[in-house]
Amino acid sequence: MQPVHLPGPRLALRELSPGDVDGVFAIYGSPAATHHLSFEPRTRDQVAEIVQRSVASATADPRSEYAVAVVERQSERLVGFGRLATDPHQQRGATFGFALRPDVWGRGYGVETVRLLLSLGFDTLGLHRIWGARSPLNTASAATMAAAGMVEEGRIREHVHKAGKWRDSIVHGILDREWRRAGAE
Ligand SMILES: CC(C)(COP(=O)(O)OP(=O)(O)OC[C@H]1O[C@@H](n2cnc3c(N)ncnc32)[C@H](O)[C@@H]1OP(=O)(O)O)[C@@H](O)C(=O)NCCC(=O)NCCS
């Protein structure tokens, strides 16, 4: 497959590069951005490893992992991190995740990011189903996925272990025909 380069109205998805460590650290190292995620804020060294692994995974054949940068088209600044991972146990299915720098929240970038990741999955990769899991308290994520046309499907009990406790996850999913229908409206 060609390297990911997917433009939207204001943002674009592109492949990560080794120079993106500080940009990703502004998200994965942030207590605010990781508050509802499954992990504690990462150190810069941990982020450097994630970026290195992500860059390597982009050349795997077949490729199952699409960890990408979300950038502002105008400034080219990295403002988010997205991940789509195809599931070998699910025919044409993938899970996904997304996070943005706190200083750009509330501008509609979340919905645009989710739409770009869904477009990558459905329009480029020909997937049938994409789903994401969020913390029950993550109302911003719930509203963002709903605004992008994703349906709340249910609860995975005690899915994530964080800060010494198990927590449930709420699943949101979307099918290829729902994506196409939303695009046609
Ligand atoms: C979730 C996240 C990507 C949303 O990004 P954003 O750019 O602020 O979202 P948008 O501006 O596109 O808003 C999308 C919707 O969420 C709603 N929303 C945004 N922040 C909210 C909040 N704190 N509480 C409730 N709703 C919120 C908006 O009102 C909008 O809903 P609407 O379309 O019904 O009006 C961002 O908060 C983030 O990066 N959070 C940390 C990482 C994370 O939680 N990722 C999701 C993991 S499952």
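Scroll up a little and you will see the structure.
For clarity, every value in this text was computed on a predicted model and none was experimentally measured.

Student: Explanation requested: the sheet that holds strand S2 (residues 11-15) in the structure shown.
Tutor: The pairing of strands in a sheet comes from backbone hydrogen bonds and takes either a parallel or an antiparallel form. Here eight strands make up an open sheet; going across it, the order is S1-S2-S3-S4-S5-S6-S8-S7 and the pairing mixed. The open sheet terminates on both sides in strands that have one partner only, identified here as strand S1 (5-7) and strand S7 (151-162). Averaged over all pairs of adjacent strands, the angle between their axes in this sheet comes to 25°, without regard to strand direction. The strands touched by helix H5 (residues 139-147) are strand S5 (93-100), strand S6 (129-134) and strand S8 (165-175); relative to S5, the strand with the most contacts, the crossing angle is about 125°.

Student: When you look at the environment of glutamate 15 in this model, what are you seeing that I'm missing?
Tutor: Locating glutamate 15 in the fold gives a position in strand S2. For glutamate 15, a relative accessible area of 17% corresponds to the buried category. Counting along the chain gives 141 residues from glutamate 15 to isoleucine 156, while the straight-line C-alpha distance between them is 31 Å. Apart from the residues lying within four places of it in its own chain, the contact partners of glutamate 15 are Pro3, Val4, Asp20, Ala58, Arg63 and Val68. A polar contact of 2.7 Å, which involves the side chain of glutamate 15, links it to the backbone nitrogen of valine 4.

Student: Looking at this structure, how should I read the site of the ligand?
Tutor: Around the ligand, the surrounding shell holds 21 residues, and the nearest of these are Phe98, Leu100, Gly106, Gly108 and Asn138. Leucine 100 places a polar main-chain atom, nitrogen or oxygen, 2.8 Å from an oxygen atom of the ligand. Within the side chain of tryptophan 105, an N or O atom sits 3.2 Å from an oxygen atom of the ligand. When isolated, the ligand has an accessible area of 930 Å², and the protein chains bury 68% of it.

Basis of the calculations
- Residues numbered from 1 in each chain as written.
- Predicted model: local features only at pLDDT ≥ 70, side-chain atom pairs only at ≥ 80, totals over all residues.
- Heavy atoms only, no water.
- Pairing = 2+ DSSP bridges.
- Helix = DSSP H or I, 4+ residues; strand = E, 2+ residues; numbered from the N terminus.
- Axes fitted to C-alpha atoms, helices over the stretch in contact; angles between N-to-C directions.
- Contact = heavy atoms within 4.5 Å.
- Buried < 20%, exposed > 50% of the residue type's maximum accessible area, 1.4 Å probe, protein only.
- Polar contact = N/O pair within 3.5 Å; in protein donor to acceptor, adjacent residues only side chain to side chain.
- Near = heavy atom within 4 Å.
- Areas by Shrake-Rupley, 256 points an atom, 1.4 Å probe, with all protein chains shown as cover.

Honestly, it's all geometry; don't read function into it.
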